[in-house]
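Here is what each chain is made of, one letter per residue.
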Amino acid sequence: VRLVESGGALVKPGESLRLSCEVFGFPFATAWLSWVRLAPGKGLEWVGRSKSKNDGGGMDYAAPVKDRFTISRDDSRNTMFLQMNSLKTEDTGVYYCTTDPLWTGGDFWGQGTLVTVSS
Amino acid sequence: DVVMTQSPPSLPVTLGQPASISCRSSQSLVSSDGNTYLNWFQQRPGRSPRRLIYKVSNRDSGVPDRFSGSGSGTDFTLKISSVEAEDVGFYYCMQGTHWPPYTFGPGTKVSIK
């Protein structure tokens, strides 16, 4: 099982960025997946979650990113996306995709992708 | 949102000695389904996080048995029975009972004396 994030970059405040998380060797269509970030000098922060279509396919977000970030998924490509709009300096950090923290079938994380928001 | 607190913030430990990290939640983590969704995560330097413990006391596959979790309600503990050099890093508790959001504790930094 591998999760591979991509799309991290240096952007200016107010700009947008889209991260991808491709999943290999795992039943993507039935998986709940989350985004978790680690800001410099801070701790882990849950960003949002995507439920499988079997379970309603809904998305949930943390308050600091709600209305700015959107999670989507393409089951045909085994890929989850994180569209980040109106980026702020406090969004800087390493973004990880992971299997849902409550899933008891295993724990899998990507290598992380760095997002830097700076003028 | 449920607030998670951890103590101590920093924990220097002698190799081979035990270590214990405390985690408290601002409200009970017992879910309506009877489960308690309290996890522990480890992040070693330069590595992605990994889950060590789920639902208070269940070790994930591949996690050494020197790691154990216990607790109930609002008070939880992660214990390392005999610290090894590879255990250096940050440890976080996380609640998943009252979602969204999942909330992490602020972390405990484990180092070797």
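Shown above is the structure to which this text applies.
Note that this is a predicted model, so its numbers are computed, not measured. In this numbering scheme, every chain counts its residues from 1 along its sequence in written order. Whichever chain is written first becomes A and whichever ligand is written first becomes 1, with later ones labelled in order. The model is predicted, so local features are restricted to residues of pLDDT at least 70 and side-chain atom pairs to those at 80 or more, both for listing and for counting; the totals for chains, interfaces and linings are taken over all residues. Excluding hydrogens and water, the side-chain values take into account all heavy atoms of the structure.

Asks: Just to check I follow, could you spell out the pattern of salt bridges for this structure?
Replies: Side chains carrying opposite charge are able to pair once their charged atoms draw close together. When a carboxyl oxygen of Asp or Glu is within 4 Å of a side-chain nitrogen of Lys or Arg, the pair counts as a salt bridge. Scanning the model with the defined rule gives eleven salt bridges over all chains in all. The closest approach of N and O atoms between Asp91(A) and Arg68(A), which form a salt bridge, is 2.7 Å. Of the two residues, Asp91(A) is situated in the loop between strand S8 (79-84) and strand S9 (93-99) and Arg68(A) in the loop between strand S6 (59-61) and strand S7 (69-74); the sequence distance between them amounts to 23 residues. Partly exposed residues are those whose accessible area sits between 20% and 50% of the maximum for their type, while under 20% is buried and over 50% is exposed, using a 1.4 Å probe and protein chains only. In this structure Arg68(A) comes out as buried when scored by relative accessible area, which is 11%. Between Asp75(B) and Arg24(B) there is a salt bridge, and its shortest N-O distance comes to 2.9 Å. Highlighted residues: Asp75(B) in strand S8 (residues 75-80) and Arg24(B) in strand S3 (residues 19-25), separated in sequence by 51 residues. Judged by relative accessible area, Asp75(B) falls into the partly exposed class, the value being 36%. Linked through salt bridges whose partners overlap, the residues forming this network are Arg37(A), Glu45(A), Arg68(A) and Asp91(A). Note on conventions: DSSP H or I runs of at least 4 residues are helices, E runs of at least 2 residues are strands, and numbering of each starts at the N terminus.

Asks: Can you help me understand the pairing of strand S1 (residues 4-7) of chain B in this one?
Replies: Remark: a regular strand shows side chains that alternate across the two faces of the sheet. Residue and element names in this part refer to chain B. Alternating positions in S1 separate cleanly, Met4 and Gln6 being buried on one face and Thr5 and Ser7 remaining unburied on the opposite face. At least two bridges found by DSSP between two strands are what make those strands a pair. Inspection of the sheet shows S1 paired to S3 by four bridges, in the antiparallel sense. Bridge pairing links Ser7 to Ser22 in S3.

Asks: Would you explain the nonpolar core in this entry?
Replies: What tends to happen in soluble globular proteins is that the nonpolar side chains get buried as a cluster. Among the buried residues, those of types Ala, Val, Leu, Ile, Met, Phe, Trp, Tyr and Cys that are joined through side-chain atoms within 4.5 Å form a nonpolar core. Core analysis: the largest hydrophobic core is formed by 24 residues, its most contacted members being Leu19(A), Trp35(A), Phe69(A), Met80(A), Leu82(A), Met84(A) and Tyr95(A). Secondary-structure elements contributing two or more residues to this core are strand S3 (17-24), strand S4 (33-38), S7, S8, S9 and strand S10 (113-117) of chain A. It is S3(A) that contributes the most residues to this core, four residues altogether. Those residues in contact with Phe69(A) that sit more than four places away from it in its chain are Arg37(A), Val47(A), Tyr61(A), Leu82(A), Gln83(A), Met84(A), Asn85(A), Leu87(A), Asp91(A) and Tyr95(A). The next biggest cluster of nonpolar side chains, apart from the first, holds 22 residues, and it includes Cys23(B), Ile53(B), Tyr91(B) and Cys93(B). Two residues form a contact once any of their heavy atoms are found within 4.5 Å.

Asks: Where do I start with the state of the cysteines in this structure?
Replies: As used in these notes, a disulfide is a covalent bond between sulfur atoms, one from each of two cysteines. Residues and elements named next belong to chain B. Throughout, a disulfide means two cysteine sulfur atoms within 2.5 Å of one another. The final tally for this structure, using the stated rule, is two disulfides over all chains. Across a sulfur-sulfur distance of 2.1 Å, Cys23 and Cys93 are joined as a disulfide pair. Across the disulfide from Cys23 to Cys93, rotation about the S-S bond amounts to roughly 80°, and the bridge is consequently right-handed. Here Cys93 lies in strand S9 (residues 89-95) and Cys23 lies in strand S3, a separation of 70 residues in the sequence. Taken individually, Cys23 and Cys93 each receive the classification buried, so the pair is uniform in this respect.

Asks: It is not clear to me how the environment of Pro12(B) should be interpreted in this structure. Could you clarify?
Replies: Residues and elements named next belong to chain B. Relative to the assigned elements, Pro12 resides in strand S2 (residues 10-13). Take Pro12: its relative accessible area is 41%, and that puts it in the partly exposed class. Measuring from C-alpha to C-alpha, the distance between Pro12 and Ser111 comes to 4.7 Å, with 99 residues separating the pair along the chain. Not counting residues up to four positions away in its chain, the partners in contact with Pro12 are Ser111 and Lys113.

Asks: Is there a simple way to think about the sheet that holds S8(B) in this case?
Replies: Hydrogen bonding along the main chain pairs the strands of a sheet, whether they run parallel or antiparallel. Residues and elements named next belong to chain B. The four strands are arranged S1-S3-S8-S7 in an open sheet whose pairing can be described as antiparallel. Of all strands in the sheet, those bounded by a partner on one side alone are S1 and strand S7 (67-72). The mean angle between the axes of side-by-side strands here comes to 20°, regardless of whether they run parallel or antiparallel. Relative to S8, S3 runs antiparallel, the two being bridged by six bridges. Its bridge partner being in S8, Ser20 is matched across the sheet by Lys79. Structural elements are reduced to axes, namely lines fitted to C-alpha atoms, with helices fitted over the stretch in contact, and the angle between N-to-C directions of any two is expressed from 0 to 180 degrees.

Asks: Would you take a moment to explain the interface of chain B and chain A for this structure?
Replies: Frequently, the measure chosen for interface size is the accessible area removed from exposure when the parts meet. Each side of the interface is counted separately: chain B has 20 residues, and chain A has 23 residues. Note on terms: buried area is the combined drop in 1.4 Å-probe accessible area of two parts once they are placed together, counting the loss on both. Surface buried jointly by chain B and chain A totals about 1,700 Å² across both partners, of which 64% is contributed by carbon and sulfur atoms. Of all residues in chain B, Arg51(B), Tyr102(B) and Phe104(B) bury the most surface against chain A, accounting for 35% of the area lost on that side. Connecting chain B to chain A are zero salt bridges. The definition of a polar contact used here is a pair of N or O atoms within 3.5 Å, where within protein one atom must be able to donate a hydrogen and the other to accept one, and adjacent residues in sequence count solely through side-chain atom pairs. Seen at the junction of chain B and chain A, the total is nine residue pairs in polar contact (both at pLDDT 80 or more). Those elements that provide at least two residues to the side of chain B that touches chain A are strand S4 (38-43), strand S5 (50-54) and S9 of chain B. Class assignment for the residues of the side of chain B that touches chain A results in eleven nonpolar, four polar and five charged. Any residue that is not Ala, Val, Leu, Ile, Met, Phe, Trp, Tyr, Cys, Pro, Asp, Glu, Lys or Arg is counted as polar, Gly included; the first ten are nonpolar and the last four charged.

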